[in-house]
Amino acid sequence: MSEEKITSKELLNQLTAKHYDDALAAKAEGKPVVWATSICPNELLDAMDLATVYPENHAAAIGARKEAMKFIEHAEGIGYSADICSYARVNMGYVDLQHAEAQDIPLPDLIFSSTNICNTVLKWYENLAKKLNIPLILFDMPFNHTYEVPDHATNYIRGQIEHAICQLEDFTGRKMDYDKLGEKMAMNNATCEWWKKATDWGKTKPSPLNGFDMFNYMAMIVCMRSSQDGHKLFKLWYEELKQKAEEGKGPWNSAEEQYRIIWDGIACWPHLSTTFKLLKKYGINMVTSTYPSSWYKVYETNDLDGMARSYTGNYANRNLDYGANQMENLIKEFSVDGVVFHSNRSCKLMDFRTYEVQRRITERTGCPSVIFDGDQTDPRVFSQAQYETRIQALLEMMEEKKEAKRKGDME
Ligand code: SF4
């Protein structure tokens, strides 16, 4: 197949394979491998040419292949509580079992962790470093209790970025090449712009974007933000969506978009097909979620303060007012008819605020919404019957609202 004709989905599959092959090859050649959290300043790692693997991506892939229970049962068997995030349990299980049909990854030589997504990663990654007896570079990114990111947090994190550069220099025995770091920052910015432009196609009616595809592309915005490959992928995806929008095409070939929703929270990877198919059956398209903005890490090239502010400013690290306002904005900007909140047992930080976010957006927008119980990788927590009844309830509410609007327009 000629390169010009490759689709973004084919490129996505190729890059995913290359990402893991490169890490396995690096290990085989005796080069160090890093394990990093999903929203960390990985421009620093890329500038140091360090092969990096993201355990959250890996656990998601294992979940989607319905292989998670083997690792979860092992982790629980050696004492990890079922209340701990299932990504952590899958990963701690993998460290012992070291083989997954979905994908193998090399064990790490360095841990690179940032607490801007949750505090679970603080202990999970610390535990990895202790168990494997390897160094840990940790970014302590305090939760933003104020609406805006305060300057003292920015200063605190900038200091940690500078310190992490010294730690990476000690680890590799090489000096940071600041020209190269600048190039990685510039590429990160450009890739994030294409990611945003692509995911913004969900605003078009009908949306050419099917949000479940977005879940798949998300793996690459985690790990390829500062690479030429990632840039190419998201530009190509944007162009495909643009063409579909210009042709008036919706998210699917076999059905039309009837309702537009926001999906709040991570996918239920082991039940991806079940959750997607039921929505599609009723013509319900997920046009966006709270995730696209989480990887929109744009700041001035060579500006370490901007980098610090950007990495601590993602949705998961912002206060309730910010979260509710962001949801309200998404409802308006993407013209959605409803919201599905995934109450993800793993992700306590997000779940504890779900009910209050739901209450506020109902009060402010009247947008119908439902909450269902699930988990991103532990298949035991999801009930298909409950999911179905919640989606049917949402459908009824959305239908009722549409009918009322139709009647109002006629009067
Ligand atoms: S799913 Fe939630 S708890 Fe688990 S690592 Fe991600 S942010 Fe943290």
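To keep things clear, this report deals only with the structure shown in the data block.

### Some words on helix H5 (residues 86–97)
Side chains three or four residues apart in an α-helix point the same way, a direct result of the helix having 3.6 residues per turn.
Link 1 in the chain: Compared with the 16 Å implied by 1.5 Å per residue over 12 residues, the 16 Å span of H5 between its first and last C-alpha is a close match.
Link 2 in the chain: In terms of burial, H5 is largely enclosed, as 10 of its 12 residues are buried.
Link 3 in the chain: All buried positions along H5 are accounted for by Ser86, Tyr87, Ala88, Arg89, Val90, Asn91, Met92, Gly93, Tyr94 and Val95.
Link 4 in the chain: The inward-facing, buried residues of H5 contact strand S1 (33–36), helix H3 (55–64), helix H4 (68–77) and helix H6 (120–132).

### Remarks on the sheet that holds strand S4 (residues 136–139)
Link 1 in the chain: With parallel pairing, the 4 strands of this open sheet are ordered in space as S2-S1-S3-S4. A strand with exactly one partner marks an edge of an open sheet, and here the two such strands are strand S2 (51–53) and S4. Direction aside, neighbouring strands of the sheet carry axes that sit 20° apart on average.
Link 2 in the chain: Across 3 bridges, S1 lies against strand S3 (residues 110–114) in parallel orientation. Bridging from a neighbouring strand, Trp35 pairs with Ile111 of S3.
Link 3 in the chain: Across the sheet, H6 touches S1, S3 and S4, and the angle it forms with S3 is around 175°.

### A closer look at the nonpolar core
One recurring pattern in soluble globular proteins: nonpolar side chains tend to sit buried together.
Link 1 in the chain: The biggest cluster of nonpolar side chains holds 109 residues, and the ones touching the most others in it are Leu44 and Phe112.
Link 2 in the chain: Top contributing element to this core by residue count: helix H9 (residues 211–223), with 9 residues.
Link 3 in the chain: The contacts of Leu44, once residues within four sequence positions are left out, are Phe112, Phe139, Ile161, Ala164, Ile165, Leu168, Met176, Leu181 and Met307.
Link 4 in the chain: Val287, Phe334, Phe341 and Cys367 belong to the second largest nonpolar core, which has 13 residues in total.

### Things to note about the side chain of Arg89
Link 1 in the chain: Mapped onto the secondary structure, Arg89 falls in helix H5.
Link 2 in the chain: Within the structure, the side chain of Arg89 is placed 3.1 Å from the side chain of Asp378, a separation counted as a polar contact.

### Concerning the pairing of S1
Link 1 in the chain: Side chains Val33 and Trp35 project from S1 onto one buried face, and the interleaved Val34 and Ala36 project onto a second face that is buried too.
Link 2 in the chain: Where S1 lies against S2, 3 bridges are found, and the strand directions are parallel. Opposite Val34, over in S2, you have Thr52 as the bridge partner.

### Regarding the site of the ligand
Link 1 in the chain: Neighbouring the ligand are the residues Glu56, Cys85, Ile117, Cys118, Thr120, Val121, Trp124, Ile266, Ser346, Cys347 and Gln376.
Link 2 in the chain: Looking at the shell around the ligand, the element that brings in the most residues is H6, giving 3 residues.
Link 3 in the chain: Partitioned by chemical class, the residues of the shell around the ligand number 7 nonpolar, 3 polar and 1 charged.

### A few points about the sheet that holds strand S5 (residues 259–264)
Link 1 in the chain: Here we have 4 strands laid out as an open sheet, ordered S6-S5-S7-S8, and parallel in their pairing. Of all strands in the sheet, those with a lone pairing partner are strand S6 (284–289) and strand S8 (369–374), marking the two edges. Each strand axis lies, on average, 30° off the axis of its neighbour in the sheet, ignoring direction.
Link 2 in the chain: The pairing of strand S7 (residues 338–344) with S8 spans 6 bridges and is parallel. Considered in S8, the bridge of Val339 is made with Ser369.
Link 3 in the chain: Contacts between H9 and the sheet are confined to S5 and S6, with S6 contributing the most and set at about 40° to the helix.

Rules used in this analysis
Residues numbered from 1 in each chain as written. Predicted model: local features only at pLDDT ≥ 70, side-chain atom pairs only at ≥ 80, totals over all residues. Heavy atoms only, no water. Helix = DSSP H or I, 4+ residues; strand = E, 2+ residues; numbered from the N terminus. Expected span 1.5 Å × (residues − 1). Buried < 20%, exposed > 50% of the residue type's maximum accessible area, 1.4 Å probe, protein only. Contact = heavy atoms within 4.5 Å. Pairing = 2+ DSSP bridges. Axes fitted to C-alpha atoms, helices over the stretch in contact; angles between N-to-C directions. Core = buried A, V, L, I, M, F, W, Y, C linked by side-chain atoms within 4.5 Å. Polar contact = N/O pair within 3.5 Å; in protein donor to acceptor, adjacent residues only side chain to side chain. Near = heavy atom within 4 Å. Nonpolar A, V, L, I, M, F, W, Y, C, P; charged D, E, K, R; others polar.

The quantities given are spatial measurements derived from coordinates; they are silent on function.
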